[in-house]
Protein chains: 2
Amino acid sequence: MRFFKFCGICLLLLVSVTFASASDAELRTMAKAMFQPVPTVAPILKGNVASDAKLTLGHMLYFEPRLSASQLISCQTCHNVGLAGGDLQETSTGHGWQKGPRNAPTTYNAVFNSVQFWDGRAKDLADQAKGPVQASVEMNNTPEAVVTLLTSIPDYVELFKQAFPTEKSPVTFDNMAKAIEVFEATLITPNDGLDRFMAGDDKALTADQKAGLDLFVNNGCVGCHDGLNLGGTDYFPFGVVEQPGAEVLPVGDKGRFKVTNTASDEYVFRSPPLRNIALTAPYFHSGKVWTLTQAVAIMGTSQLGMELTDQEVELIVNLLEGLTGDQPLVMHPLLPASTASTPQPVLQVKLSPTH
Amino acid sequence: MRFFKFCGICLLLLVSVTFASASDAELRTMAKAMFQPVPTVAPILKGNVASDAKLTLGHMLYFEPRLSASQLISCQTCHNVGLAGGDLQETSTGHGWQKGPRNAPTTYNAVFNSVQFWDGRAKDLADQAKGPVQASVEMNNTPEAVVTLLTSIPDYVELFKQAFPTEKSPVTFDNMAKAIEVFEATLITPNDGLDRFMAGDDKALTADQKAGLDLFVNNGCVGCHDGLNLGGTDYFPFGVVEQPGAEVLPVGDKGRFKVTNTASDEYVFRSPPLRNIALTAPYFHSGKVWTLTQAVAIMGTSQLGMELTDQEVELIVNLLEGLTGDQPLVMHPLLPASTASTPQPVLQVKLSPTH
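Thresholds, definitions, all that
Residues numbered from 1 in each chain as written. Chains lettered and ligands numbered in written order. Predicted model: local features only at pLDDT ≥ 70, side-chain atom pairs only at ≥ 80, totals over all residues. Heavy atoms only, no water. Helix = DSSP H or I, 4+ residues; strand = E, 2+ residues; numbered from the N terminus. Areas by Shrake-Rupley, 256 points an atom, 1.4 Å probe, with all protein chains shown as cover. Buried < 20%, exposed > 50% of the residue type's maximum accessible area, 1.4 Å probe, protein only. Axes fitted to C-alpha atoms, helices over the stretch in contact; angles between N-to-C directions. Parallel < 35°, antiparallel > 145°, perpendicular 65-115°, else oblique. Left-handed = near helix turned anticlockwise from the far one by under 90°. Contact = heavy atoms within 4.5 Å. Nonpolar A, V, L, I, M, F, W, Y, C, P; charged D, E, K, R; others polar. Buried area = accessible area lost by both parts, 1.4 Å probe. Salt bridge = Lys/Arg side-chain N within 4 Å of Asp/Glu carboxyl O. Polar contact = N/O pair within 3.5 Å; in protein donor to acceptor, adjacent residues only side chain to side chain. Phe/Tyr/Trp six-rings, centres within 6.5 Å; stacked < 30°, edge-to-face > 60°. Lys NZ or Arg CZ within 6 Å of the ring centre and 35° of its normal. Arc of directions from axis to C-beta. Core = buried A, V, L, I, M, F, W, Y, C linked by side-chain atoms within 4.5 Å. Least-squares fit on C-alpha atoms with pLDDT ≥ 70 in both.

> Teacher, can you tell me more about the overall build of chain A here?
Looking only at helices and strands, chain A features 13 helices and 2 strands. Taken as a whole, chain A presents about 15,000 Å² of accessible surface, with 58% of it coming from carbon and sulfur.

> Honestly, the environment of Met176 of chain A in this entry has me stumped. Any pointers?
All names here are of chain A. Structurally, Met176 is set in helix H8 (residues 173-184). Note on Met176: relative accessible area 0%, which makes it buried. Each C-alpha atom, one on Met176 and one on Lys54, is 9.4 Å from the other, the two residues being 122 residues apart in sequence.

> Please clarify how the packing of helix H2 (residues 24-34) of chain A against helix H10 (residues 207-218) of chain A should be interpreted in this entry.
Packed helices, taken two at a time, are described by the angle between their axes plus the distance between the axes. Residues and elements named next belong to chain A. At a minimum axis distance of 11 Å, the contact between H2 and H10 shows a crossing angle of 45°. For the element pair H2 / H10, the angle class is oblique. Our pair here, H2 against H10, has a crossing hand that is left-handed. Residues Asp24, Leu27, Met30, Ala31 and Met34 of H2 form the contact with H10, whose own contacting residues are Lys210, Leu213, Asp214, Val217 and Asn218. Of the residues contributing to the contact of H2 with H10, the split by class is 6 nonpolar, 1 polar and 3 charged.

> Where do I start with the packing of helix H3 (residues 52-62) of chain B against helix H8 (residues 173-184) of chain B in this structure?
Residue and element names in this part refer to chain B. For the pair H3 and H8, interaxial distance at closest approach is 7 Å and the crossing angle is 95°. Between H3 and H8, the interaxial angle falls into the category roughly perpendicular. Counting all contacts with H3, which are made through Lys54, Leu55, Leu57, Gly58, His59, Leu61 and Tyr62, the residues of H8 involved are Met176, Ala179, Ile180, Val182, Phe183 and Glu184. Per-class residue counts for the contact of H3 with H8 are 9 nonpolar, 2 polar and 2 charged.

> I'm lost on the interface of chain B and chain A in this one. Help?
Reports of interface size often rely on the accessible area that becomes lost once the parts have come together. With 39 residues of chain B at the contact, the number on the chain A side is 39 residues. Together chain B and chain A conceal approximately 3,300 Å² of surface at their shared face, both sides included; 70% is due to carbon and sulfur atoms. Taken together, the links from chain B to chain A amount to 0 salt bridges. At the boundary of chain B and chain A, one finds 12 residue pairs in polar contact (both at pLDDT 80 or more).

> Explain the packing of aromatic side chains here, please?
What characterises a pair of aromatic rings is the spacing of the ring centres plus the angle enclosed by the ring planes. In total, this model carries 10 aromatic pairs over all chains according to the counting rule given. Ring centres of Phe238 of chain A and Phe284 of chain A lie 5.1 Å apart, and the angle between their planes is 55°; this geometry places the pair in the tilted category. Placement of Phe238 of chain A in the loop between strand S1 (235-237) and helix H11 (257-260) and of Phe284 of chain A in the loop between strand S2 (268-270) and helix H12 (292-304) is noted, with a sequence separation of 46 residues between them. Taken together through their ring pairs, the aromatic side chains of Tyr62, Phe63 and Phe183 of chain A make up a single cluster. Sitting above the plane of the Phe117 of chain B ring, Arg121 of chain B keeps its charged end 3.7 Å from the centroid.

> Help me understand helix H6 (residues 143-151) of chain A, please; the structure alone is not making it clear to me.
Since the α-helix turns once every 3.6 residues, residues separated by three or four places project in the same direction. Residue and element names in this part refer to chain A. All buried positions along H6 are accounted for by Pro143, Val146, Leu149 and Leu150. Looking straight down H6, one finds that the buried residues subtend no more than 130° of arc, so they occupy a single side. The inward-facing, buried residues of H6 contact helix H3 (52-62), helix H5 (125-134), helix H7 (154-163) and H8.

> What's the story with the nonpolar core in this structure? I'm lost.
Residues Leu61 and Met176 of chain A together with Leu61 and Met176 of chain B are the most contacted members of the largest nonpolar core, which totals 78 residues. In this structure, Ala31, Cys221, Val222 and Leu230 of chain A belong to the second largest nonpolar core, which totals 41 residues.

> What should I look at first to understand helix H7 (residues 154-163) of chain B in this one?
Residue and element names in this part refer to chain B. For H7, the full list of buried residues reads Tyr156, Leu159, Phe160 and Ala163. With its buried residues spanning 100° around the axis, H7 presents them on a single face. In the core, the buried residues of H7 are packed alongside H3, helix H6 (143-151) and H8.

> I would appreciate a short explanation of the relation of the copies chain B and chain A in the present structure.
Each of the two copies of the chain can be brought onto the other by a rotation about an axis and a shift along it. Once chain B is rotated about the relating axis by 180° and shifted along it by 0.0 Å, it coincides with chain A to within an RMSD of 0.0 Å. Taken together, the turn and the small shift mark the pair as related by a two-fold rotation axis. Taking C-alpha positions as reference, the residue of chain B nearest the rotation axis is Met331 of chain B, located at 2.0 Å. Here 100% of the interface residues in chain B have copies in chain A that are interface residues too; the copies meet face to matching face.

> Explain the side chain of Arg102 of chain B here, please?
Residue and element names in this part refer to chain B. Turning to its location among the elements, Arg102 is positioned in the loop between helix H4 (75-78) and helix H5 (125-134). You can call Arg102 buried: its relative accessible area is 13%. A polar side-chain atom of Arg102 sits 3.0 Å from a polar atom in the side chain of Asp119. A polar contact of 2.8 Å, which involves the side chain of Arg102, links it to the side chain of Asp253. With residues up to four places along the chain from it excluded, the contact list for Arg102 reads Thr91, Ser92, Trp118, Asp119, Arg121, Asp253, Gly255, Phe269 and His285.

> What's the story with the environment of Gly100 of chain A in this structure? I'm lost.
Residues and elements named next belong to chain A. Mapping Gly100 onto the fold places it in the loop between helix H4 (75-78) and H5. Counting along the chain gives 19 residues from Gly100 to Asp119, while the straight-line C-alpha distance between them is 14 Å. Ignoring any residue separated from it by four or fewer positions in sequence, one finds Gly100 in contact with Thr91, Ser92 and Val137.

> Explain the pattern of salt bridges here, please?
Oppositely charged side chains are able to pair whenever their charged atoms sit close together. For the structure shown, the criterion picks out 26 salt bridges over all chains. We note a salt bridge from Lys288 of chain B to Glu90 of chain B, for which the minimum N-O separation is 3.0 Å. Separated by 198 residues along the polypeptide, Lys288 of chain B in the loop between strand S2 (268-270) and helix H12 (292-304) and Glu90 of chain B in the loop between H4 and H5 bring together distant segments of the chain. Residues Asp253 of chain B and Arg102 of chain B are paired through a salt bridge, measuring 2.8 Å at the closest nitrogen-oxygen approach. Pair noted here: Asp253 of chain B is in the loop between strand S1 (235-237) and helix H11 (257-260) and Arg102 of chain B is in the loop between H4 and H5, with a separation of 151 residues, a long-range link. As far as the burial class goes, Asp253 of chain B and Arg102 of chain B line up, both buried. Sharing partners across several salt bridges, the network here consists of Arg102, Asp119, Arg121 and Asp253 of chain A.

> Could you clarify how one ought to interpret unusual backbone geometry in this entry?
Both trends apply: most residues other than glycine have a negative phi, and most peptide bonds are in trans. Geometrically, the link from Ala281 of chain A to Pro282 of chain A is a cis peptide bond, its omega value of -5° lying close to zero. With a phi close to 60°, Gln71 of chain A is a non-glycine residue in the positive phi region. By the secondary structure assignment, Gln71 of chain A is in the loop between H3 and H4. With a relative accessible area of 4%, Gln71 of chain A lands in the buried category. Of note in the backbone geometry, Asn140 of chain B takes a positive phi value of approximately 55° without being a glycine. You can see Asn140 of chain B is positioned in the loop between H5 and H6. In this structure Asn140 of chain B comes out as partly exposed when scored by relative accessible area, which is 23%.

And the structure:
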């Protein structure tokens, strides 16, 4: 799949001259062949039928700091609904002020990614939600402790019953993740400039953004950043042509290699989706790059082997700024009180054997 | 003022027999002499005229993690609008995972307290808001850094202009605090059981809650916990009759003494308000007590010199559970993106000279 796409890039490079002064109609036809718009309603989930009860529960659990051992860190901490589903950190800060290994990907439109995490190690959002809860540098909890905690709060027991009405013991770690997935599937951002342009509104993108779109497609950015999310659906090496320096691509993080243990997967990552990218600095899995201008220039050299001119970079950045869709308005849920049997927060940090 | 109130307690103790089987009407008359209901609209603030623009800005700033050096901690972190304006911690956890010295008081109805903080060192909510932003164990920031950060984000500059339209340079630390105060003044919880009972609804409190109310007033709890917020308006020693052990009243925290340097203020604290108290465990400035049952029993011995029976404690706890009002429904605000000139997060922890 990866190689097929790169052949696609070569083809696109060859025909780029044709599109140098594409009309709105031509540009629209080209864009619609490459991208699909963000829908206005949450998609149907595989193996997880949505319901109002599941959505209510998932909404609460997304904001629930008691899913973490410290009772301080929730999904919302690193995937802030006020900050386009990300945080403002190079890599996330978790339990004990420990730094996580990678930049927090946005939860917005994440339901449209074919796999989750930078290395694609989770097949869907429910699978993904279980990871940070258990990671020692994130929420530092265990499935058993989560179930004990939720079971100690009668309101949650009732909400799980309503969300999973056919199950005898509905308060489970898996059901926690399924409810969160249903909520996250509603975090979608339709109507950005690109989507309105594709829908027929010539004025939805500025002239610079259209020039940026032309460059984005014809220079080959689209080779990794296509589809509904402009990315998020396939794996590519960071450094197709030339690896960036260790300040951007730390040598210790070999990406998907850690999942597959296959040499060809060294420094391979799932291409990040680009919707709302202007709102979610810093960039790359390392979070080492703070501006889109620098990020686009690096992509030019490392992935395309091109020194993009400053003007070309700025035009592409203009396009990326046109990928900011309608942000979902999320009510902060009211969370039920702990009870006398609710376990207390655990703030201690276990030192690893190497300490 | 304190001594007058304690005389009041003595008087009430003397007449308590009279109220042993108070009728609803008698109980209501007594309650209305002691308490005022939580209003349904935000009160007018001294020296800080509210406006929609100030409210919008204050709402955003309350949720703004970029007010902290790490860009991770906001007012909302320790005063969670999903958790009745508190956190779930013994004492709050802040910058560098450091533990703060005292339990986070709720921001709900805090506008009705006559002074802020456990030791009353801030005269109002605007004054209060500036404290945690600068505390090294909380948000670890400086007024100058806050202004630099906010000024780097054009949307904030515009919002400050709208909120403070007559000022030439409206992006100031003081104005940040004023906007937050306007938002916090909306975090009020009317219509709890006590207020509905006082308004004439005999069924707003259960028989046990009414018995608890009778005990609360006639045993003297009301000596420190009266008025609109059932507390929050005056100072009292923790241990009027008998100091609790160091596990509840740590010897190192001398309360208001630190503010006034007056011997008689040792272990003196502003009495905590009791509205929504059932939602904001753990209790006391030390946060060492996790149930209302234990908290009420300790208050009996330390403040009133009474061994309350288990039944009396439970009746008073019943009353306290009737102090949960309508929780405000708060939208999570959308926060503007950082720009290329926005300072990056600073996660480092400065060690104090004693380290």
